[in-house]
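The chain contents come next:
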Amino acid sequence: MELFEKLAILADAAKYDASCASSGAPKRKAAEGGLGSTTGAGICHAYTPDGRCVSLLKILLTNYCLFDCAYCINRRSSNVRRARFSVDEVVRLTVEFYKRNYIEGLFLSSGIIRSADYTMEQLMLVARKLRREHGFAGYIHLKTIPEASPWLIEQAGLWADRMSINLELPTAAGLAKLAPEKSGATIEMAMDQMHARIAEAREEKRRFSPAGQSTQVIVGADATTDTELLTASATLYQRFKLSRVYYSAFSPIDHASSLLPPKAPPLVREHRLYQADWLLRNYAFSVSEIAACSNDNMLDLEIDPKLAWALKNRGSFPVDVNTGPREMLLRVPGLGTRAVDRILSARRHRRLRSEDVRRLTSSFRRAAPFLITADHRPTRLTDRVDLRERVAAPRQLSLL
């Protein structure tokens, strides 16, 4: 099979893995005679601060797999066309694509072939060869095989910028039903070992997966609720200090198991989970606060979770921009961390009026019902029966 024929198969097979953004990588430039660099600004289909769109070569080493996970298109029993790269082929593609200015890094995952150790060794060898033989200083993200030897995983972390171990399904019941050959305990043990190595390396100021570790969970393949998903994410952030949890909406596959739902979940559910995850990581919300605003432990698909909390807790608003504490300003719909920090800085010098806040955030209209300024005092939120309709973002009309 020709190299670029393999590339077509294995790049398409990698599209289901969402956990490939590169935030957190240290800035780095290749030494003389080497290749690549990292900006610390994020790679895979992301925009850097100066407006450039940069990308990763995102592929599988192979889509052969010993496992038969019901939700996976590359499962053992799946009737798909198979292909496999050699270590040298992945290295060649990465180097040649970089020289053509197609990519700025590599995201490499794989099905399990021969054994977990053999597969992990192949992934590690790709990264090592790129770094040592080609002086490649671009971003490298390796997907970790949790059943592999801890020594092999540690060796891979010496060469990769980020390592990730996919949790796939957040409950033991979900794994037992759809991926019985996988063990949640094994996955968590590998995450724990990775966390320990990363923490040690940072303390000793040496290089080991400097952008941390991440994971991915599948949304909608089983009956797991949004509250269960967020609870699992919060636990992972707390226990293993993960850089990110990625949420990937289940996609129906050909010749699917009867255990799987016939239709994909609405994509907006994945979007709401990302918004809720952002609140957990950056706005000091707890899972219980978000869950209290849900319906049967499922996030409201019509409005974002921050607005849902504000509507549920109307008695906490409006907040005075000139005296309100940072933690309450962060809970105002429409105000992000940057806008709040600008408000706190500006109010040290003068009492802020509506026009001042409007200059500090592009979302003043959305935030206005929840804010008091020197010249603006909205009616009590408890008296506004139409508040949800007023502040909710309008829905896009269907073309059909």
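The model shown is predicted, which means the values in this text are computed figures rather than measured ones.

Engineer: How do you make sense of the overall build of the protein chain when you look at a structure like this?
Structural biologist: Counting its secondary structure elements, the protein chain contains 15 helices and twelve strands. In the protein chain, which comprises 400 residues, the share counted as buried stands at 52%. Expressed as a percentage of contacts within the protein chain between residues at least 6 apart in sequence, the contacts between residues at least 24 apart total 67%. When the accessible surface of the protein chain is summed, it comes to about 19,500 Å², and 50% of that surface belongs to carbon and sulfur atoms.

Engineer: I'm lost on helix α4 (residues 150-157) in this one. Help?
Structural biologist: Helical periodicity: at 3.6 residues per turn, an α-helix aligns residues three or four positions apart in one direction. Among the residues making up α4, those that are buried are L152, I153, Q155, A156 and G157. Where α4 is buried, its residues contact α3 (116-134), β7 (139-143), β8 (162-164) and α6 (184-204). Looking at where α4 begins, the residue whose side-chain oxygen comes 3.1 Å from the main-chain nitrogen of W151 is S149.

Engineer: How should I be thinking about the pairing of strand β10 (residues 244-249) in this particular structure?
Structural biologist: Side-chain positions along a regular strand alternate between the two faces of the sheet. The element β10 is largely enclosed, with a buried count of six among its six residues. In β10, alternate side chains face the same way, and those of R244, Y246 and S248 on one face and V245, Y247 and A249 on the other are all buried. Relative to β10, strand β9 (residues 213-219) is paired through six bridges, and the arrangement is parallel. Within β10, the position partnered with S214 by the bridge is R244.

Engineer: What exactly am I supposed to notice about the confidence of the model for the protein chain here?
Structural biologist: Low-pLDDT portions of the prediction should not be read for the details of their coordinates. Mean pLDDT over the protein chain works out to 88, with 87% of the residues at or above the 70 mark. With pLDDT under 50 throughout, residues 39-52 is counted as low confidence; its partners more than four residues away or in other chains account for 32 contacts.

Engineer: Any chance you could explain unusual backbone geometry here in plain terms?
Structural biologist: Trans peptide bonds make up the majority, and among non-glycine residues the majority have a negative phi. P318 follows F317 through a cis peptide bond whose omega is 0 degrees. The topology assignment puts P318 in the loop between α10 (305-312) and β11 (319-320). With a phi angle near 55 degrees, K205 is a residue other than glycine that sits in the positive phi range. Relative to the helices and strands, K205 is located in the loop between α6 and β9. Classification of K205 as exposed rests on a relative accessible area of 79%. One non-glycine residue, N297, lies in the positive phi region at around 65 degrees. Mapped onto the elements of the fold, N297 is located in the loop between α9 (287-291) and α10.

Engineer: How do you make sense of the packing of helix α7 (residues 226-240) against helix α8 (residues 267-282) when you look at a structure like this?
Structural biologist: The description of two packed helices rests on the angle between their axes and on the distance between the axes. It is the contact of α7 with α8, at a shortest axis distance of 11 Å, that shows an interaxial angle of 40 degrees. With respect to α8, the axis of α7 lies oblique. Once α7 is placed against α8, the crossing between them reads as right-handed. Taken together, the residues of α8 that come into contact with α7 (itself represented by D226, L229, L230, S233, A234 and Y237) are R269, L273, A276, D277, L280 and R281.

Engineer: Would you mind going over the nonpolar core with me for this structure?
Structural biologist: When a protein is soluble and globular, its nonpolar side chains tend to lie buried together. Residues Y71, F85, L108 and M120 are the most contacted members of the largest nonpolar core, which totals 59 residues. Dropping the residues within four chain positions of it, L108 is found in contact with I59, L60, L61, V90, L123, V126, H141, L142 and K143. Formed by 52 residues, the second largest nonpolar core is a distinct cluster that contains L167, L229, L242 and V357.

Engineer: Where do I start with the side chain of R75 in this structure?
Structural biologist: For R75, the location among the structural elements is in the loop between β5 (57-60) and α2 (87-99). Only 3.1 Å separates the side chain of R75 from the backbone oxygen of C72, close enough to count as a polar contact. Once residues lying within four places of it in the same chain are set aside, the contact partners of R75 are F67, D68, C69, A70, R82, I253, D254, H255 and A256.

Engineer: Looking at this structure, how should I read the sheet that holds β10?
Structural biologist: Pairing between the strands of a sheet comes from backbone hydrogen bonds, and it takes one of two forms, parallel or antiparallel. Spatially, six strands are ordered β5-β6-β7-β8-β9-β10 in an open sheet, and the strand pairing comes out parallel. The open sheet is flanked by β5 and β10, the only strands paired with a single partner. If you compare each strand with its neighbour and ignore which way they point, the axes differ by 20 degrees on average. Each of β5 and β6 (105-109) is contacted by α2, which is oriented at about 165 degrees to β5, the strand it contacts most. The sheet contacts of α3 involve β6, β7 and β8, and relative to β7 the element is tilted by about 170 degrees.

Engineer: Just to check I follow, could you spell out the packing of α2 against α3 for this structure?
Structural biologist: Interhelical geometry of α2 versus α3 gives an angle of 50 degrees and a closest axis separation of 9 Å. Our classification of the angle between α2 and α3 gives oblique. In the packing of α2 onto α3, the handedness of the crossing is right-handed. From α2, V87, D88, V90, V91, T94 and V95 reach across to α3, where they touch Q122, L125, V126, K129, L130 and H134. Considering only residue class, the contact of α2 with α3 consists of seven nonpolar, three polar and two charged.

Engineer: Would you take a moment to explain α2 for this structure?
Structural biologist: With 13 residues, α2 should cover 18 Å at 1.5 Å per step; its first-to-last C-alpha distance of 19 Å lies within 8% of that length. Taken residue by residue, α2 has V87, E89, V90, V91, L93, T94, V95 and F97 as its buried positions. The elements touched by buried residues of α2 are α1 (3-13), β5, β6 and α3. Looking one or two residues beyond α2, the residue adopting positive phi is N101, at roughly 65 degrees.

Rules used throughout
- Residues numbered from 1 in each chain as written.
- Predicted model: local features only at pLDDT ≥ 70, side-chain atom pairs only at ≥ 80, totals over all residues.
- Heavy atoms only, no water.
- Helix = DSSP H or I, 4+ residues; strand = E, 2+ residues; numbered from the N terminus.
- Buried < 20%, exposed > 50% of the residue type's maximum accessible area, 1.4 Å probe, protein only.
- Contact = heavy atoms within 4.5 Å.
- Areas by Shrake-Rupley, 256 points an atom, 1.4 Å probe, with all protein chains shown as cover.
- Polar contact = N/O pair within 3.5 Å; in protein donor to acceptor, adjacent residues only side chain to side chain.
- Pairing = 2+ DSSP bridges.
- pLDDT = per-residue confidence, 0-100.
- Axes fitted to C-alpha atoms, helices over the stretch in contact; angles between N-to-C directions.
- Parallel < 35°, antiparallel > 145°, perpendicular 65-115°, else oblique.
- Left-handed = near helix turned anticlockwise from the far one by under 90°.
- Core = buried A, V, L, I, M, F, W, Y, C linked by side-chain atoms within 4.5 Å.
- Nonpolar A, V, L, I, M, F, W, Y, C, P; charged D, E, K, R; others polar.
- Expected span 1.5 Å × (residues − 1).

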